[in-house]
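So you can see what is in the structure, the chains are spelled out below.
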Amino acid sequence: MKTTDKRKKQIIESMCGGLIVSCQVQKDDPIYTDDIVVKMAEAAKWAGAVGIRANSPEQIAAIKKVVDLPMIGLYKIWHDDTDVFITPTLEAARQVWEAGAEIIALDCTEQITHEGSPAYELLPIVKKEFPEAIIFADVSTYAEAKRAIELGADIIAPTLYGYTEVTKHIEEPNLREFAKMCRDFKNDAYIMMEGHIYTPEDAMKCIYLGADAVVVGSAITRPHLTAKRYVDLLGKYQSNWREAERAKH
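Residues numbered from 1 in each chain as written. Predicted model: local features only at pLDDT ≥ 70, side-chain atom pairs only at ≥ 80, totals over all residues. Heavy atoms only, no water.

## Description of the overall build of the protein chain
For step 1, the next point in the chain: Broken down by element type, the protein chain carries 11 helices and eight strands.
For step 2, the next point in the chain: Radius of gyration (C-alpha) of the protein chain: 17 Å, near the 18 Å computed for a compact globule of 249 residues.
For step 3, the next point in the chain: By its C-alpha atoms, the protein chain is 50 × 40 × 40 Å across when sized along the principal axes.
For step 4, the next point in the chain: Classification of the 249 residues of the protein chain by burial places 52% in the buried group.
For step 5, the next point in the chain: Counting only contacts in the protein chain whose residues sit at least 6 apart along the sequence, the fraction spanning at least 24 positions is 61%.
For step 6, the next point in the chain: Roughly 12000 Å² of accessible area belongs to the protein chain as shown, and the carbon and sulfur atoms make up 53% of that amount. (Helix = DSSP H or I, 4+ residues; strand = E, 2+ residues; numbered from the N terminus. Rg over C-alpha atoms; globule rule 2.2 N^0.38 Å. Buried < 20%, exposed > 50% of the residue type's maximum accessible area, 1.4 Å probe, protein only. Contact = heavy atoms within 4.5 Å. Areas by Shrake-Rupley, 256 points an atom, 1.4 Å probe, with all protein chains shown as cover.)

Put into structure tokens, the structure is as follows:
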């Protein structure tokens with residue numbers, strides 16, 4: 001069942017029907033500067049975005065100082081022995097919350113974490129520890145979405161479609177499965193689209209299929225990856241630009 005908490009509903013529904021821009025940068029990205037994510041967020045707000053998604057306590061806090069939009073916060077932490085990197089621990093979630101994010105994004109897939117447990121098991125722990133936080137479940141399949149809802153997620157998105165072992169061979173969003181999520185889960189959680197959305201037309205398809213909102217990152221805020229897609233196609237697909245997108249930092 002969707003949250004009945006008035007504050008949470010107000011925050012989530014303020015984003016419904018709109019664009020959330022993922023403003024992220026890593027220190028090894030060619031566009032990195034200390035204030036680049038703030039500029040990204042300011043540009044997103046100027047354009048009419050309804051929310052921001054950002055990575056790391058430092059970048060979340062910097063954006064929140066100057067951009068007054070709902071914040072989906074996460075903390076990417078990579079380990080060689082796992083593909084779980086989105087807010088993988090309770091301490092990571094704590095830092096995201098304390099940095100000012102109203103919404104905490106978690107990997108809620110079946111992948112095994114560095115600590116040796118399924119990623120989705122963190123969801124109820126974070127929900128109990130931070131009851132005022134809105135939980136945004138990043139999943140890769142319909143089954144993972146269903147489980148995340150059962151565990152109490154407020155928002156579901158197929159963010160990790162294409163990044164898990166069972167989906168990594170796929171480059172395009174699975175709109176058919178996403179539409180089924182929207183139909184089946186619309187009364188249980190807010191369903192947002194994130195992942196592999198590259199044009200306004202792609203975003204509008206998702207709204208038509210039932211998305212409450214659409215999150216777009218690389219196509220807007222990571223020009224080096226946008227350029228890489230062009231180079232990949234012009235090179236007749238001899239390399240795969242998504243290897244750079246998936247790279248651990």
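Okay, back to it.
## Topic: the pairing of strand β8 (residues 213-216)
For step 1, the next point in the chain: The alternating pattern of β8 places Ala213 and Val215 on one face and Val214 and Val216 on the opposite face, and all of these are buried.
For step 2, the next point in the chain: Relative to β8, strand β1 (residues 19-22) runs parallel, the two being bridged by three bridges. From the neighbouring strand, Val21 faces β8, where its bridge partner is Val216.
For step 3, the next point in the chain: Sheet analysis places strand β7 (residues 190-194) next to β8, joined by three bridges and oriented parallel. Among the inter-strand pairings, Glu194 is bridged to a residue of β8, identified as Val215.
For step 4, the next point in the chain: Once the chain exits β7 it traverses helix α8 (residues 200-209) before rejoining the sheet at β8, and the crossover so formed is right-handed. (Pairing = 2+ DSSP bridges. Right-handed = clockwise from strand over helix to strand, strands pointing away.)

## Things to note about the side chain of Thr141
For step 1, the next point in the chain: Note on placement: Thr141 falls in the loop between β5 (134-138) and α6 (142-150).
For step 2, the next point in the chain: Assessed through its relative accessible area of 18%, Thr141 is described here as buried.
For step 3, the next point in the chain: A distance of 3.1 Å separates a polar atom in the side chain of Thr141 from the backbone nitrogen of Glu144.
For step 4, the next point in the chain: The contacts of Thr141, once residues within four sequence positions are left out, are Val166, Thr167, Glu177 and Met181. (Polar contact = N/O pair within 3.5 Å; in protein donor to acceptor, adjacent residues only side chain to side chain.)

## Brief notes about the packing of helix α7 (residues 175-185) against α8
For step 1, the next point in the chain: Packing of α7 against α8 brings their axes to within 9 Å, and their N-to-C directions diverge by 35 degrees. Across the interface between the two elements, Leu175, Phe178, Ala179 and Cys182 from α7 touch Lys205, Cys206 and Leu209 from α8.
For step 2, the next point in the chain: Per-class residue counts for the contact of α7 with α8 are six nonpolar, no polar and one charged. (Axes fitted to C-alpha atoms, helices over the stretch in contact; angles between N-to-C directions. Nonpolar A, V, L, I, M, F, W, Y, C, P; charged D, E, K, R; others polar.)

## Here's the deal with the packing of aromatic side chains
For step 1, the next point in the chain: Enumeration over the complete set of coordinates arrives at four aromatic pairs.
For step 2, the next point in the chain: Here Trp78 and Phe85 contribute two aromatic rings whose centre-to-centre distance is 5.3 Å and whose plane-to-plane angle is 10 degrees, an arrangement assigned as stacked. Side by side, Trp78 and Phe85 carry an identical accessibility label, which is buried.
For step 3, the next point in the chain: With centroids separated by 6.0 Å and ring planes inclined at 75 degrees, the aromatic side chains of Tyr198 and Trp241 adopt a geometry described as edge-to-face. Remark: Trp241 occurs in the loop between α10 (223-234) and α11 (242-245) and Tyr198 occurs in the loop between β7 and α8; sequence separation between them is 43 residues.
For step 4, the next point in the chain: A relative accessible area of 5% means that Trp241 is categorised as buried.
For step 5, the next point in the chain: Sitting over the ring of Phe136, Arg53 keeps its end group 5.4 Å from the ring centre.
For step 6, the next point in the chain: The ring centre of Tyr120 lies 4.2 Å from the NZ or CZ of Arg147, which sits over that ring. (Phe/Tyr/Trp six-rings, centres within 6.5 Å; stacked < 30°, edge-to-face > 60°. Lys NZ or Arg CZ within 6 Å of the ring centre and 35° of its normal.)

## What to know about the pairing of strand β2 (residues 51-55)
For step 1, the next point in the chain: For β2, the buried fraction is high: five of the five residues fall into the buried class.
For step 2, the next point in the chain: Across the two faces of β2 the burial is the same, with Gly51, Arg53 and Asn55 and Ile52 and Ala54 all buried.
For step 3, the next point in the chain: In the classification by handedness, the crossover that spans β1, the intervening helix α2 (residues 36-47) and the parallel β2 is right-handed.
For step 4, the next point in the chain: Direction of pairing for β2 relative to strand β3 (residues 71-74): parallel, over a ladder of four bridges.

## Topic: unusual backbone geometry
For step 1, the next point in the chain: Phi is positive for Thr87, close to 40 degrees, though the residue is something other than glycine.
For step 2, the next point in the chain: With phi around 60 degrees, Lys236 is a residue other than glycine that occupies positive phi space.
For step 3, the next point in the chain: Tracing the backbone shows Lys236 in the loop between α10 and α11.

Honestly, it's all geometry; don't read function into it.
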